[in-house]
Amino acid sequence: MSRSFMPVPADLEDLPALQLKGLKWTVSHAYNNSLFYRKKLDNFRVSPEMIRSLDDLRRLPFTTAQDLQENYPFPLRAVPFEKIVRVHASSGTTGKRKVLCYTQKDINDWADMFARCFEMAQLSPSDRVQIAVGYGLWTAGVGFQLGCERFGAMAVPVGPANTEMHCQLLEDLQSTVFCSTASMALLMVEEIERRGQRDRLSLKKFIFGAERHSRKMRQRIQEITGAEHLFDIPGLTELYGPGTGLECIAHDGVHYWADYYILEIVNPETLEPVIPGEIGEMVVTSLRKEGSPLIRYRTRDLTRVIPEPCSCGNLLPRHDHILGRSDDMFIFRAVNIYPGQIDHVLSQIPGVGSEYQVHLFRKGDGRDLMLVKVEMLGADSPEFAKDLAEEITSEFRRQIMVRPQVELVGYGTLPRTERKSRRVFDNRAGD
Ligand code: DLL
C-alpha cells in the first residue's frame, strides 16, 4: 500500500495549533537541555512558560551563525551524546564549520520531509534518481538518498563530479531524475549535448539547489535535455539539509513544510517582520528538531513569502526562490549590489550565456573598477560583440546604476564547477 507523505491538514486549519505545540516544545526542550539556549533565554528574560501564542515567537532572541561558530564543536546540542546518531557540517567559507547533531527521530523526520518533496515533484516508485551532490559531512548526498529510500524510488548514488560516469549511468540505467547543484546540472547538460546523448536518455526531471540559479541556466538545461520539469530545492545544514521544501509543479515558488518549522521574513537591519510579500531575511524556528533545535535562526537568505494561493492546488505556504544572501552584498562606488541583481540583468539580454564573473579592483587613484566577464552565445562577429557589450553596459547603468567594463568571452570558457559556483571576485580587500 502506498503511503502519502503529505499528511498536512487539507485546509491547514490545524496548522497554527500544531505550530504552537511545536514552538512550546522547542523552547522548553532547548531551555532545559542546552546550556547555550538557557543562557541566551535567561539573558532575554524569557522562560518557556511565557510562550502562550504564536505571537510570542517575537519575544524570543535570534540565533546566528556566529553563535554556532563560537560554540564549536557541538553548538545548540540539546540531547545527551548517546542520543546523537549522526552529525553534519557545512563547510563554512570563513571561520569554523557549523556542526549540527541529529537524533534518530531527526533523521526520520528529515526522511519524511524529503519524501514529501519527491511526492510533490510527482515522482513514482518506478523513478530512478541519479544523485550528483556530495556525500559526507555535507547534508546533500545523504539527504537525497534518505528521501529516495523513504519515498521508495531507486537511488543511483554517484556523487558529484565524474561527468563521464554520470553520462554512462544516465544512459545505461535510464535514470529519470537528476539531482545536483545548479552548476553541476549545467556542466552535465553541456556534456550531454557534446556527446549527442539526448535521444538515448530518459531524463524527465531535474532537482537542483544549494545555490542560486539564473533563468538563463534553467533555459539552457531545459533546451538541451527537453526535461519536463526543473525543481529548485532549497535547504541548509542548520535546518536538517535539503528537503524542507520544494518548487511545485506549477513552478511558482517553493512550498515549505510549515508543520516542521516556522518561517519568518524580517528586515535584516531592523529585524522587524516585513509586510507579507516584501523581501527580507528568512528566519527559521524548528518545531520538532531534537539534536540541535533552532530558535529564530537567521539564515541570511533573502526571499519573500508568496501570500497568494498557489495554482498547483497545494495549500502549504510558499516562499520565493532564494534571491541572494544578505552577506553576499557588495558595495561598488556607493551602490549596494546583490549578485542576484546581476543574474537578473543578464538573464534579460539575448545572446548572453548562462555564466558570468564579476571582478572588482581598486585602481592606483583609489577609484573602484568593475569588470564583468560574460559568455557570448551564438554569432561572434565583431559587430555583434560590440553591440552586445554596449547593451550589457547600458542595462547595468539603467538597472543597477553602475557602469562596468564588459569583456565578452566564448561560450563554455568560464569555469563550470560541480560545487557551489563563485561568481564575484572582490580584489579590493586589504587596500
Ligand atoms: O546547500 C543544502 C543543500 C544541498 C540544498 C543540496 C539543496 C541541495 P549548506 O551547505 O548549509 O546546505 O548551504 C546552505 O546555501 O543558506 C543558501 O544560501 C544556499 N542555498 C541552498 N539551496 C539553495 C537554493 C546546502 N535552492 C545555503 N537556491 C543556504 C539558492 C541556496 N541558494
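## Points about the layout of surface pockets
Link 1 in the chain: The calculated volume of the second largest pocket comes to roughly 650 Å³.
Link 2 in the chain: As for the second largest pocket, its lining consists of 29 residues, and the residues nearest its centre are Tyr-256, Leu-263, Pro-276, Val-305 and Pro-317.
Link 3 in the chain: Going through the elements one at a time, strand S11 (254-256), strand S12 (261-266) and strand S15 (305-306) are the ones with two or more residues in the lining of the second largest pocket.
Link 4 in the chain: It is S12 that contributes the most residues to the lining of the second largest pocket, four residues altogether.
Link 5 in the chain: The residue inventory of the lining of the second largest pocket, partitioned by class, reads 19 nonpolar, four polar and six charged.

## What about the packing of aromatic side chains?
Link 1 in the chain: On inspection of all chains with the given rule, the structure shows eight aromatic pairs.
Link 2 in the chain: Taking the centre distance of 4.9 Å and the plane angle of 75° together, the rings of Phe-74 and Phe-81 count as edge-to-face.
Link 3 in the chain: For Phe-74, a relative accessible area of 34% corresponds to the partly exposed category.
Link 4 in the chain: Judged by its relative accessible area of 41%, Phe-81 is partly exposed.

## A few points about the domain arrangement of the protein chain
Link 1 in the chain: According to the domain assignment, the protein chain consists of domain 1 (1-327) and domain 2 (329-426).
Link 2 in the chain: In this structure, domain 1 and domain 2 have C-alpha centres spaced 30 Å apart.
Link 3 in the chain: Together domain 1 and domain 2 conceal approximately 1,800 Å² of surface at their shared face, both sides included; 50% is due to carbon and sulfur atoms.
Link 4 in the chain: Of all residues in domain 1, the largest losses of buried area upon contact with domain 2 belong to Arg-212, Arg-215 and Lys-216, amounting jointly to 30% of the total for that side.
Link 5 in the chain: Here domain 1 is connected to domain 2 by two salt bridges.
Link 6 in the chain: A salt bridge links Glu-190 to Arg-416, with the shortest nitrogen-to-oxygen separation between them at 2.8 Å.
Link 7 in the chain: For the interface between domain 1 and domain 2, the tally reads nine residue pairs in polar contact (both at pLDDT 80 or more).

## Observations concerning the site of the ligand
Link 1 in the chain: Taken together, 19 residues surround the ligand, and among them Trp-138, Asp-232, Thr-237, Asp-301 and Lys-420 come closest.
Link 2 in the chain: Contact between the ligand and Glu-211: a nitrogen atom at 3.2 Å from a main-chain N or O atom of the residue.
Link 3 in the chain: Arg-325 has a polar side-chain atom sitting 3.2 Å from an oxygen atom of the ligand.
Link 4 in the chain: Protein chains bury 92% of the 610 Å² of accessible surface belonging to the ligand in isolation.
Link 5 in the chain: When residues of the shell around the ligand are traced back to their parent elements, those giving at least two are strand S7 (229-233) and strand S8 (235-236).
Link 6 in the chain: Here the shell around the ligand is composed, by residue class, of eight nonpolar, five polar and six charged.

## What to know about the pairing of strand S2 (residues 98-103)
The side chains of a regular strand alternate, first on one face of the sheet and then on the other.
Link 1 in the chain: Here S2 lies mainly inside the structure; six of its six residues are buried.
Link 2 in the chain: On S2, burial covers both faces: Lys-98, Leu-100 and Tyr-102 on one face and Val-99, Cys-101 and Thr-103 on the other are all buried.
Link 3 in the chain: Two elements, strand S1 (residues 84-90) and S2, share six bridges in a ladder whose sense is antiparallel. In the strand pairing of S2, Ser-90 is matched with Lys-98.

## A closer look at unusual backbone geometry
Link 1 in the chain: A cis amide bond links Tyr-72 to the next residue, Pro-73, at an omega of 10°.
Link 2 in the chain: Positionally, Pro-73 belongs in the loop between helix H3 (65-70) and S1.
Link 3 in the chain: The phi dihedral of Met-401 is positive, around 65°, even though this residue is not glycine.
Link 4 in the chain: Within the secondary structure layout, Met-401 lies in the loop between helix H10 (382-399) and strand S22 (405-409).

## Quick look at the nonpolar core
Link 1 in the chain: Core analysis: the largest hydrophobic core is formed by 65 residues, its most contacted members being Leu-60, Phe-118, Val-129, Phe-144 and Ile-207.
Link 2 in the chain: At nine residues, the largest contribution of residues to this core is made by helix H4 (residues 104-120).
Link 3 in the chain: Ile-207 has contacts with Phe-118, Phe-144, Val-177, Phe-178, Cys-179, Ser-180, Phe-231, Ile-233 and Leu-246, leaving out every residue within four places of it along the chain.
Link 4 in the chain: Core analysis: the second largest hydrophobic core is formed by 23 residues, Ile-349, Ala-385, Phe-396 and Val-424 among them.

## Here we look at the pattern of salt bridges
Link 1 in the chain: In the structure shown here, the tally under the stated rule is 31 salt bridges.
Link 2 in the chain: The closest approach of N and O atoms between Arg-428 and Asp-368, which form a salt bridge, is 2.8 Å. Of this pair, Arg-428 sits in the segment after strand S23 (424-426) while Asp-368 sits in strand S21 (residues 368-376); the two residues are 60 residues apart in sequence, bridging distant segments of the chain.
Link 3 in the chain: The network of salt bridges with common partners includes Glu-164, Glu-191, Arg-194 and Arg-195.

## Overview of the packing of H4 against helix H5 (residues 140-151)
Link 1 in the chain: Axis separation between H4 and H5 bottoms out at 7 Å; the angle between their running directions is 75°. Taken together, H4 and H5 sit at an angle that is classed as roughly perpendicular. Seen from H4, the contacting residues are Ile-107, Asn-108, Trp-110, Ala-111, Asp-112, Phe-114, Ala-115, Phe-118 and Glu-119; seen from H5, they are Val-142, Gly-143, Phe-144, Leu-146, Gly-147, Cys-148, Arg-150 and Phe-151.
Link 2 in the chain: Partitioning the contact of H4 with H5 into residue classes produces eleven nonpolar, three polar and three charged.

Calculation criteria
- Residues numbered from 1 in each chain as written.
- Predicted model: local features only at pLDDT ≥ 70, side-chain atom pairs only at ≥ 80, totals over all residues.
- Heavy atoms only, no water.
- 1 Å grid on protein atoms, 1.4 Å probe; cavity = no way out; pocket = protein on both sides within 12 Å on 5 of 7 lines; lining within 4 Å.
- Points joined across faces, edges and corners; volume = space filled by probe spheres on them.
- Helix = DSSP H or I, 4+ residues; strand = E, 2+ residues; numbered from the N terminus.
- Nonpolar A, V, L, I, M, F, W, Y, C, P; charged D, E, K, R; others polar.
- Phe/Tyr/Trp six-rings, centres within 6.5 Å; stacked < 30°, edge-to-face > 60°.
- Buried < 20%, exposed > 50% of the residue type's maximum accessible area, 1.4 Å probe, protein only.
- Domains from an automatic or database assignment.
- Buried area = accessible area lost by both parts, 1.4 Å probe.
- Salt bridge = Lys/Arg side-chain N within 4 Å of Asp/Glu carboxyl O.
- Polar contact = N/O pair within 3.5 Å; in protein donor to acceptor, adjacent residues only side chain to side chain.
- Near = heavy atom within 4 Å.
- Areas by Shrake-Rupley, 256 points an atom, 1.4 Å probe, with all protein chains shown as cover.
- Pairing = 2+ DSSP bridges.
- Core = buried A, V, L, I, M, F, W, Y, C linked by side-chain atoms within 4.5 Å.
- Contact = heavy atoms within 4.5 Å.
- Axes fitted to C-alpha atoms, helices over the stretch in contact; angles between N-to-C directions.
- Parallel < 35°, antiparallel > 145°, perpendicular 65-115°, else oblique.

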